[in-house]
Amino acid sequence: MGEMVLLKDLADKVTDSKDDIILAKVNGKLQELTKTVDSDSLIEFVTTADPAGNLTYKRSATLILLKAVYDIIDKDMIEKFKVEFSLSKGYYCTLKGKQKLTVPLIEAIENRMREIVRADIPIEKITMSTGDAIKSFAKHRMYDKETLFRFRRHSTVNIYSLDGFKDYYYGYMAPSTGYIKYFKLYPYDEGLVLQMPECSNTRSVPEFRPQHKLFAVMEETTRWGEMLGIETVGELNEAIAAGRGNELILVQEALQEKKLADIASTISKDPSKKFIMMAGPSSSGKTTTSYRLSIQLMAHGMRPHQLSLDNYFLDREHTPRDENGDYNFECLEALDVELFNNNMTDLLNGHEIEIPDFNFKTGKREYNGNKMKLGENDVLVIEGIHGLNDKLSHSLPKESKYKIYLSALTQLNVDEHNRISTTDCRLLRRMVRDARTRGASAKRTIAMWHSVRKGEELNIFPYQEEADVMFNSSLIYELSVLKQYAEPLLFGIKEDEPEFAEAKRLLKFLDYFLCISPESIPINSIAREFVGGSCFNV
């Protein structure tokens, strides 16, 4: 056994790191730099370019923001300061109470944040009993946390303290405020956006680009949560414990069905719309949503036909390769764009065409007699990752297209200061579905997730604001259902495997939730695409 050393002291001696070190892996386990460890341990440093390090940076910046808010504004003027959801490359936050967030006030808060950073104040971890934590949060009017910890199974909880300001955070923290050098506050709507660096450029704050359509759908979803009386995990658990689980499922499903009916009504009123282009990131529920939208279109007197862009893949030998030499099936160039445009133009002009089928086993395009011709009330529901990119459908008149962006935009937060990542929800969905339909392990799903996310950043997210409408496929109850399927899969990842740290993080996250039985979930629900039992071919 070697001598005991402070991880921060070891990190300070590293001079050749391109990005700032903020965490460490000790024998494969993530640790904060304030931890003292055996010098004979296997130590790997984690920078802000790593997803875990980037989240630690953002979490620490959020704590500094909260400290600055309560330093600048009298606490009697604050009912609640809430981190709502991700927007642009930051977090959209709101202030509820007697004080409004004006531009001068936001500037004062940012200036106070920079003072706190320059002071390089330690961020201290304090372990206290769960009962004491509940009393402390009630005293400071952090009622979301008080409710959350009433359902905590562990007898202790770790609280972070910044110069006397105490708060709870789901995940790791930087050792001190001096690590958080790069951020900016932007006024937006009635709140502010805390903009922070991304993994790809850790020492630069990206330009704030308002996402008005995304903001509108998140606001709508937040109102749904308020209407149901469920904005946080604690409130969800209270509803489940009170026997309201079935009611939540039915109301949430009704709200989504109404939204799909509204979309179908809009399409049916414009006879020029012939191509319904639907796109969204992995595990958004695109297949189920396209079926359900088709049913609503039929209810409005239309004849929808579903078409997958996968049918227009180039033959395998012509598929582009990525930087690693692997086939890149996610880039636009993997599709026969010209054939797609010729086929769609012919359909628009009233001609009959034969739709190709792509054989994934042979890697070849086939023609199996799938003929199609569009009549007066016919529309195509086209699903694929490039659906919103006009380069795909460059020859089609703009007025003939109706674009739908679909994603599981989680409206639920752990508490007022800890948001739930939409990415985490989709990862859990995919993990459960891939295990059920493909026999894939959680280890494999986690290992490939970075590549999936990279493709989304390149091919989907840049075009989301070009959609005519956004549909939020998240379900307020779904994590309480996914939990019982995902936990056994995550426990199957061994401690010495690279994916263990992510599995441990997700297990800790799922521990917040009480379970809901899947029995009451309707057979046409998006949730059924992942847990099974759908009436659709998914």
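Quick caveat, the model's predicted, so the values are computed rather than measured. (Residues numbered from 1 in each chain as written. Predicted model: local features only at pLDDT ≥ 70, side-chain atom pairs only at ≥ 80, totals over all residues. Heavy atoms only, no water.)

Enquirer: Account for the overall build of the protein chain, naming residues and giving values.
Expert: When helices and strands are tallied, the protein chain shows 15 helices and 23 strands. Expected size for 538 residues packed as a compact globule is a radius of gyration near 24 Å; at 25 Å, the protein chain falls within 12% of this value. Along the first, second and third principal axes, the C-alpha atoms of the protein chain reach 75 × 50 × 45 Å. Buried positions account for 54% of the 538 residues belonging to the protein chain. Within the structure as shown, the protein chain displays about 23,700 Å² of accessible surface, and the carbon and sulfur contribution to it stands at 49%. (Helix = DSSP H or I, 4+ residues; strand = E, 2+ residues; numbered from the N terminus. Rg over C-alpha atoms; globule rule 2.2 N^0.38 Å. Buried < 20%, exposed > 50% of the residue type's maximum accessible area, 1.4 Å probe, protein only. Areas by Shrake-Rupley, 256 points an atom, 1.4 Å probe, with all protein chains shown as cover.)

Enquirer: Any chance you could break down unusual backbone geometry for me, citing the residues and the numbers?
Expert: Its identity is not glycine, yet Asp189 carries a phi of approximately 50 degrees, on the positive side. Within the element layout of this structure, Asp189 appears in the loop between β11 (184-188) and β12 (191-195). One non-glycine residue, Ser283, adopts positive backbone phi at about 65 degrees. Tracing the backbone through its elements, the reader meets Ser283 in the loop between β13 (275-279) and α9 (286-299). The class for Ser283 is buried, based on a relative accessible area of 3%.

Enquirer: So what about the pattern of salt bridges? Which residues, and what values?
Expert: Under the counting rule described, the total for this entry stands at 45 salt bridges. Between Arg303 and Asp378 there is a salt bridge, with the nearest N and O atoms lying 3.6 Å from each other. Of this pair, Arg303 sits in strand β14 (residues 303-308) while Asp378 sits in strand β19 (residues 378-383), placing them 75 residues apart in sequence. Judged by relative accessible area, which is 3%, Asp378 ranks as buried. For Arg433, the salt bridge goes to Asp434, with nearest N and O atoms at 3.5 Å. Side by side, Arg433 and Asp434 carry an identical accessibility label, which is buried. Residues joined by salt bridges that share partners form a network here, namely Lys67, Asp71, Arg112, Glu115 and Asp163. (Salt bridge = Lys/Arg side-chain N within 4 Å of Asp/Glu carboxyl O.)

Enquirer: I'd love a proper account of the pairing of β19, names of residues and values included.
Expert: Of all six residues that make up β19, five are buried, and the element is covered over most of its length. Two strands pair when backbone bridges link them, and β14 and β19 are joined in this way by six bridges, in the parallel orientation. Within the sheet, the bridge partner assigned to Arg303 lies in β19 and is Asp378. (Pairing = 2+ DSSP bridges.)

Enquirer: Tell me about the domain arrangement of the protein chain, and please be specific about residues and values.
Expert: By the assigned domains, the protein chain splits into domain 1 (5-47), domain 2 (52-210) and domain 3 (215-531). One C-alpha centre belongs to domain 2, the other to domain 3, and the line joining them spans 31 Å. Counting residues at the interface gives 30 residues for domain 2 and 29 residues for domain 3. Counting each side, the surface lost to burial between domain 2 and domain 3 is near 2,800 Å², with a carbon and sulfur contribution of 53%. Among the residues of domain 2 in contact with domain 3, Phe85, Phe151 and Tyr170 are the three that bury the most area, contributing 28% of the side total. Our count for the contact surface shared by domain 2 and domain 3 stands at five salt bridges. Across the contact surface, domain 2 and domain 3 share 15 residue pairs in polar contact (both at pLDDT 80 or more). Per-element accounting of the side of domain 2 that touches domain 3 gives the leading share, eight residues, to strand β6 (residues 78-87). (Domains from an automatic or database assignment. Contact = heavy atoms within 4.5 Å. Buried area = accessible area lost by both parts, 1.4 Å probe. Polar contact = N/O pair within 3.5 Å; in protein donor to acceptor, adjacent residues only side chain to side chain.)

Enquirer: If you had to explain the environment of Gln99 to someone new, which residues and values would you point to?
Expert: Note on placement: Gln99 falls in the loop between β7 (90-97) and α3 (103-118). Each C-alpha atom of the pair Gln99 and Met77 lies 5.7 Å from the other, and the pair is 22 residues apart in sequence.

Enquirer: Now, about the packing of helix α2 (residues 51-72) against α3: what can you tell me, with residues and values included?
Expert: Two elements in contact, α2 and α3, have axes separated by 8 Å at closest approach and are oriented at 120 degrees. Here α2 is positioned oblique relative to α3, judged by the angle of their axes. As for the relative orientation of α2 and α3, their crossing is right-handed in sense. Contacts between α2 and α3 involve Ala61, Ile64, Leu65, Lys67, Ala68, Val69, Asp71 and Ile72 from the former and Leu105, Ala108, Ile109, Arg112, Met113, Ile116 and Val117 from the latter. (Axes fitted to C-alpha atoms, helices over the stretch in contact; angles between N-to-C directions. Parallel < 35°, antiparallel > 145°, perpendicular 65-115°, else oblique. Left-handed = near helix turned anticlockwise from the far one by under 90°.)

Enquirer: Give me the lowdown on the environment of Met344, citing residues and values where you can.
Expert: Along the chain, Met344 falls in helix α10 (residues 337-348). Owing to a relative accessible area of 0%, Met344 belongs among the buried residues under this scheme.

Enquirer: I'd like to hear about the packing of aromatic side chains, residue by residue, with values.
Expert: In total, this model carries 20 aromatic pairs according to the counting rule given. Consider the rings of Tyr92 and Tyr188, whose centres lie 6.3 Å apart with planes at 90 degrees: the pair is edge-to-face. Separated by 96 residues along the polypeptide, Tyr92 in strand β7 and Tyr188 in strand β11 bring together distant segments of the chain. Exposure class is identical for Tyr92 and Tyr188. Each is buried. With centroids separated by 5.0 Å and ring planes inclined at 90 degrees, the aromatic side chains of Tyr188 and Phe215 adopt a geometry described as edge-to-face. Of this pair, Tyr188 sits in strand β11 while Phe215 is found in helix α6 (residues 212-228), placing the two residues 27 residues apart along the sequence. Of the residues examined, Tyr188 reaches a relative accessible area of 10% and is grouped as buried. The buried category is assigned to Phe215, whose relative accessible area is 8%. By the ring-pair criterion, three or more aromatic residues cluster together here, those being Phe85, Tyr92, Tyr186, Tyr188, Phe208 and Phe215. Note that Lys145 overlies the ring of Tyr169, its terminal NZ or CZ placed 5.8 Å from the centroid. (Phe/Tyr/Trp six-rings, centres within 6.5 Å; stacked < 30°, edge-to-face > 60°. Lys NZ or Arg CZ within 6 Å of the ring centre and 35° of its normal.)

Enquirer: Break down the sheet that holds strand β23 (residues 469-472) for me, citing the residues and quoting the values.
Expert: Taking strand neighbours across the sheet as the criterion, the five strands line up as β14-β19-β13-β20-β23 in an open arrangement whose pairing is parallel. The two strands at the open ends of the sheet, each matched to only one other strand, are β14 and β23. Direction aside, the axes of adjacent strands within the sheet are offset by 25 degrees on average.

Enquirer: So what's going on with the UniProt feature "domain: Phosphoribulokinase/uridine kinase" (unreviewed entry) in the protein chain? Which residues, and what values?
Expert: According to UniProt, the positions carrying the feature "domain: Phosphoribulokinase/uridine kinase" (unreviewed entry) are residues 275-472. As a span, residues 275-472 carries 30% helix and 22% strand, and end to end its C-alpha atoms are 20 Å apart. (UniProt positions renumbered as here; feature names shortened; annotations may be inferred.)

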